[in-house]
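Now for the letters of each chain:
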Amino acid sequence: LPMFIVTQKPTFIAPVVASIPADGGKFTKAKFSVVFKALEKDAVDDLLKRIRQSAKAAHEDADATPLKDREVLDEVLAGFGPDLLEEDRTPMEFCPGNVDRLCSIYPLEAAMVRSFFDNYVSGPAKN
């Protein structure tokens, strides 16, 4: 019998896939997983509204800055999957400094935000 368990702090693990520029015009495929907060509907609606408003403001006013991908991640990222490893092959610790490290590698920041929206916000519509 299928079950659905309502938890206090729901999260979900989602894959992140990105092509990292490498030597000689080639790309390395980065694949790992992260843990996102399963935001309540009101929080998702609010986040989408703020993204749309900031994009519109930036379009209409050159001085306005759109909501940055990192600002979105600060609200939705809850952890790293066990397949995100340091050079010594140990799992990367989830902390602000390591989120900074990941975000500094182009284009991982945008790929993580895309993963959140693909796997959570627009996910059920695909079925």
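About the thresholds
Residues numbered from 1 in each chain as written. Predicted model: local features only at pLDDT ≥ 70, side-chain atom pairs only at ≥ 80, totals over all residues. Heavy atoms only, no water. Salt bridge = Lys/Arg side-chain N within 4 Å of Asp/Glu carboxyl O. Helix = DSSP H or I, 4+ residues; strand = E, 2+ residues; numbered from the N terminus. Buried < 20%, exposed > 50% of the residue type's maximum accessible area, 1.4 Å probe, protein only.

Draft legend 1. Structural context of the pattern of salt bridges. Under the criterion given, the structure shown has seven salt bridges. The residue Arg 50 makes a salt bridge to Asp 46 at a minimum N-O spacing of 3.0 Å. With Arg 50 and Asp 46 both in helix H1 (residues 41–60) and four residues apart, this pair spans about one turn of that helix. Owing to a relative accessible area of 27%, Arg 50 belongs among the partly exposed residues under this scheme. Among the ionic pairs, Glu 75 bridges to Arg 50, the shortest N-O distance being 2.7 Å. Here Glu 75, found in helix H2 (residues 69–76), pairs with Arg 50, found in helix H1; they are 25 residues apart in sequence, far enough to count as distant. Judged by its relative accessible area of 29%, Glu 75 is partly exposed. The network of salt bridges with common partners includes Asp 46, Arg 50 and Glu 75.

Draft legend 2. How the structure looks around unusual backbone geometry. Here the residue pair Tyr 106 and Pro 107 is connected by a cis peptide bond, since its omega of 0 degrees sits within 30 degrees of zero. Tracing the backbone through its elements, the reader meets Pro 107 in the loop between helix H3 (96–103) and helix H4 (108–121). A positive phi is found at Arg 89, a non-glycine position, where the angle reads about 70 degrees. In this fold, Arg 89 is placed in the loop between strand E3 (77–80) and H3.

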